[in-house]
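Residues per chain are reported as follows:
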Amino acid sequence: MADLSSLKDLGTTTEAAAPAHVRKVDSLGRSYATGKRKNAVARVWVKPGTGKITINGREFKTYFARPVLQMILQQPIVAVARDGQFDIVATVTGGGLSGQAGAVRHGLSKALTYFEPGLRSVLKKGGFLTRDSRVVERKKYGKAKARRSFQFSKR
């Protein structure tokens with residue numbers, strides 16, 4: 001029993017330290033993060049600048065023509081009140097426009113926390129750092145869609 005009591009003492013003396021969020025910036029002064037939503041994957045780079053947002057080599061207002069998608073994309077920047085302070089470059093693949101906008105938003109939020117760790121609490125509270133795990137359910141054998149059955153007839 002002496003062996004077990006010594007193990008118990010070890011558990012009380014060591015306390016888990018809170019994870020320290022450190023600044024992650026590359027040699028060019030950019031922070032990088034990957035964002036995902038549905039089947040879309042976005043690679044996002046954030047660096048200090050004039051507020052230019054480029055997606056797949058095009059300006060974000062031409063890539064995401066719908067105002068709703070533009071608003072989704074800008075939510076993290078507006079939430080942390082850093083509008084016009086960062087240049088954002090993103091490459092996004094897969095999925096549709098809605099999923100791509102969500103993926104860029106997720107990646108942008110993560111990249112902002114890497115660039116400025118103090119913004120993490122605001123973005124976390126807004127729910128921007130959580131990956132939306134909902135994806136389309138696969139089609140099943142013998143069904144019209146994922147759950148929809150073919151029309152039943154008694155004849």
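In case you missed it, the structure is sitting above this.
Criteria and cut-off values
Residues numbered from 1 in each chain as written. Predicted model: local features only at pLDDT ≥ 70, side-chain atom pairs only at ≥ 80, totals over all residues. Heavy atoms only, no water. Salt bridge = Lys/Arg side-chain N within 4 Å of Asp/Glu carboxyl O. Buried < 20%, exposed > 50% of the residue type's maximum accessible area, 1.4 Å probe, protein only. Helix = DSSP H or I, 4+ residues; strand = E, 2+ residues; numbered from the N terminus. Core = buried A, V, L, I, M, F, W, Y, C linked by side-chain atoms within 4.5 Å. Axes fitted to C-alpha atoms, helices over the stretch in contact; angles between N-to-C directions. Parallel < 35°, antiparallel > 145°, perpendicular 65-115°, else oblique. Contact = heavy atoms within 4.5 Å. Nonpolar A, V, L, I, M, F, W, Y, C, P; charged D, E, K, R; others polar. Pairing = 2+ DSSP bridges. Lys, Arg positive; Asp, Glu negative; His and termini not counted. Polar contact = N/O pair within 3.5 Å; in protein donor to acceptor, adjacent residues only side chain to side chain. Expected span 1.5 Å × (residues − 1). Bend = angle between axes of the 7 residues up to and from the residue.

**A few points about the pattern of salt bridges**
1) Next: Within this structure, the stated rule accounts for six salt bridges.
2) Next: A salt bridge links Arg 30 to Asp 26, with the nearest nitrogen and oxygen atoms 3.1 Å apart.
3) Next: Given a relative accessible area of 26%, Arg 30 falls into the partly exposed group.
4) Next: Classification of Asp 26 as partly exposed rests on a relative accessible area of 33%.
5) Next: In this structure, the salt-bridge partner of Arg 37 is Asp 132, at a minimum N-O distance of 3.6 Å. Residue Arg 37 is located in strand S1 (residues 31–37), and its partner Asp 132 is located in the segment after helix H5 (120–126); the two are separated by 95 residues in the primary sequence.

**Concerning the nonpolar core**
1) Next: One finds Val 46, Ile 55 and Leu 112 to be the most contacted residues of the largest nonpolar core, which totals 30 residues.
2) Next: Put simply, the parts of the chain that give this core at least two residues each are strand S2 (40–48), strand S3 (53–55), helix H2 (60–63), helix H3 (67–79), strand S5 (86–93) and helix H4 (97–115).
3) Next: No other element matches the seven residues that H4 contributes to this core.

**Quick look at the packing of H3 against H4**
1) Next: Put simply, H3 and H4 touch, their axes get as near as 8 Å, and they point 10° apart. It follows that H3 is roughly parallel to H4 by the angle criterion. Taking contact as the criterion, the partners of Leu 69, Ile 72, Leu 73, Gln 75, Pro 76 and Ile 77 in H3 are, on H4, Leu 97, Ser 98, Ala 101, Gly 102, Val 104, Arg 105, Leu 108, Ser 109 and Leu 112.
2) Next: The residue makeup of the contact of H3 with H4, split by class, is 10 nonpolar, four polar and one charged.

**Points about the pairing of S5**
1) Next: Sheet analysis places S2 next to S5, joined by eight bridges and oriented antiparallel. Each residue of the ladder has a partner; that of Val 46, found in S5, is Ile 88.
2) Next: Direction of pairing for S3 relative to S5: parallel, over a ladder of three bridges. Its bridge partner lying in S5, Thr 54 is registered against Val 89.

**Let's talk about the sheet that holds S3**
1) Next: Here we have five strands laid out as an open sheet, ordered S1-S2-S5-S3-S4, and mixed in their pairing. Single-partner strands in this sheet number two, and they are S1 and strand S4 (58–59).
2) Next: The strands touched by H4 within the sheet are S1, S2, S3 and S5, with S1 carrying the most contacts at an inclination of about 150°.

**Concerning the pairing of S2**
1) Next: With seven bridges connecting them, S1 and S2 associate as antiparallel partners. Paired with Tyr 32 across the strands is Trp 45, a residue of S2.
2) Next: Linking S1 back to S2 in an antiparallel pair, the connection comprises two residues, with Lys 38 at a positive phi of about 50°.

**A few points about the side chain of Asp 87**
1) Next: Looking at the secondary structure, you find Asp 87 in strand S5.
2) Next: It turns out Asp 87 is buried and unbridged, and the closest side chain with the opposite charge, Lys 47, is 5.0 Å from it.
3) Next: There is a polar contact of 3.0 Å between the side chain of Asp 87 and the backbone nitrogen of Thr 50.
4) Next: In this structure, Asp 87 is in contact with Trp 45, Val 46, Lys 47, Pro 48, Gly 49, Thr 50, Gly 51 and Lys 52, ignoring residues within four places of it in sequence.

**Observations concerning H3**
1) Next: Between its terminal C-alpha atoms H3 stretches 18 Å, which fits the 18 Å expected from 13 residues at 1.5 Å a residue.
2) Next: The largest bend in H3 is about 40°, located at Leu 73, with the proline Pro 76 one to four residues further on.
3) Next: Those residues of H3 not exposed but buried are Leu 69, Gln 70, Ile 72, Leu 73, Pro 76 and Ile 77.
4) Next: In this structure, the buried side of H3 is in contact with S3, H2, S5, H4 and H5.
5) Next: Count one or two residues on from H3 and you reach Ala 81, which has phi positive near 55°.

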